[in-house]
Amino acid sequence: MKEGPLNEKELEWLEEILEKYGNERSVIDVAELDGLLTAILSGPVMIEPSEWLVALWGGQEHIPKWSNERELKRFMDLTFQHMNDISDRLTEYPDQFEPLFGVQDIDDEEYTVAEEWCYGYMRGWSLSDWSTLPQELEPALKAIALHGSEENVPVLEQMSNDEIEASIEKIKPAALALHDYWLAKQPEAAATPSSMPIVVAPKTGRNDPCPCGSGKKYKNCCLH
């Protein structure tokens, strides 16, 4: 598997795959995928790929029926490569961390779209227990949830464009602050951040179908 950031062509391919196999419960684009992976890397515990890959597609019943093994392998390789790149930026080069927000042109004006990324982040947040997050960091989580929760849509609708842009500016430092807090609580995990995405504990039975959807047994696929 290659290392480093994905190029534009690779990101476009991932976008096409998410659109091809997506559903109303799944991650819908690379911005949401980026947010999901950021939250997974930033939480209180390491979440197994066998869990978050299922959550990515919206449940076991929505795992794609891949066209061929090469398509599946490329999706997995690019997803883990992107996850490793996010991990490196969060941990080693925080000044280079940039949430993968979208952009929308309205009346010749360009606006940042943070909703998909934030919905992805909150999807990842829901996969573990953040209840011990200290009160002083609650505003950081709320800064992301403002753009990543259905219940906050009416709040956003009442905000001016300037207020929305100001709220989006808070998301990056919020994500970094949350990551740094939980990372400090995981000294052993912090020592090997690049290995996190490819470690899979055997909650899925060795002879069970692999959660990635390859059709192979877990022991012959993602277990190792």
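Please read all numbers here as calculations on a predicted model, not as lab measurements.

## Points about the environment of glutamate 71
Mapped onto the elements of the fold, glutamate 71 is located in helix 4 (residues 69-91). Measuring from C-alpha to C-alpha, the distance between glutamate 71 and isoleucine 17 comes to 9.0 Å, with 54 residues separating the pair along the chain. Those residues in contact with glutamate 71 that sit more than four places away from it in its chain are Trp13, Ile17, Lys20, Tyr21 and Trp66. At a separation of 2.8 Å, a polar atom in the side chain of glutamate 71 contacts the side chain of lysine 20. Separated by 2.5 Å, the side chains of glutamate 71 and tyrosine 21 make a polar contact.

## Here we look at the pattern of salt bridges
Scanning the model with the defined rule gives five salt bridges in all. For lysine 73, the salt bridge is made with aspartate 77, and the minimal N-O distance between the two is 2.7 Å. Placement of both lysine 73 and aspartate 77 in helix 4 is noted, with a separation of four residues, approximately one turn of the helix.

## Observations regarding helix 4
The periodicity of an α-helix, 3.6 residues per turn, causes residues three or four places apart in sequence to face the same way. Here helix 4 spans 33 Å end to end across 23 residues, near enough to the 33 Å set by a 1.5 Å rise per residue. Taking the backbone nitrogen of arginine 70 as reference, a side-chain oxygen 3.2 Å away marks asparagine 68 as the first, capping residue of helix 4.

## Here we look at the pairing of strand 2 (residues 109-113)
Each regular strand displays side chains that alternate between the two surfaces of the sheet. Both strand 1 (residues 102-106) and strand 2 contribute to a ladder of five bridges, which runs antiparallel. In the sheet register, valine 103 faces strand 2, and the bridge partner there is threonine 112. The antiparallel hairpin formed by strand 1 and strand 2 contains two residues in its connecting segment, where aspartate 107 sits at a positive phi of about 50 degrees.

## Quick notes on the packing of helix 8 (residues 161-169) against helix 9 (residues 171-184)
The description of two packed helices rests on the angle between their axes and on the distance between the axes. Packing of helix 8 against helix 9 brings their axes to within 4 Å, and their N-to-C directions diverge by 25 degrees. When the interaxial angle is binned, helix 8 and helix 9 end up roughly parallel. In this structure, helix 8 contributes Ser167, Ile168 and Glu169 to the contact, and helix 9 contributes Ile171, Lys172 and Pro173.

Basis of the calculations
- Residues numbered from 1 in each chain as written.
- Predicted model: local features only at pLDDT ≥ 70, side-chain atom pairs only at ≥ 80, totals over all residues.
- Heavy atoms only, no water.
- Helix = DSSP H or I, 4+ residues; strand = E, 2+ residues; numbered from the N terminus.
- Contact = heavy atoms within 4.5 Å.
- Polar contact = N/O pair within 3.5 Å; in protein donor to acceptor, adjacent residues only side chain to side chain.
- Salt bridge = Lys/Arg side-chain N within 4 Å of Asp/Glu carboxyl O.
- Expected span 1.5 Å × (residues − 1).
- Pairing = 2+ DSSP bridges.
- Axes fitted to C-alpha atoms, helices over the stretch in contact; angles between N-to-C directions.
- Parallel < 35°, antiparallel > 145°, perpendicular 65-115°, else oblique.

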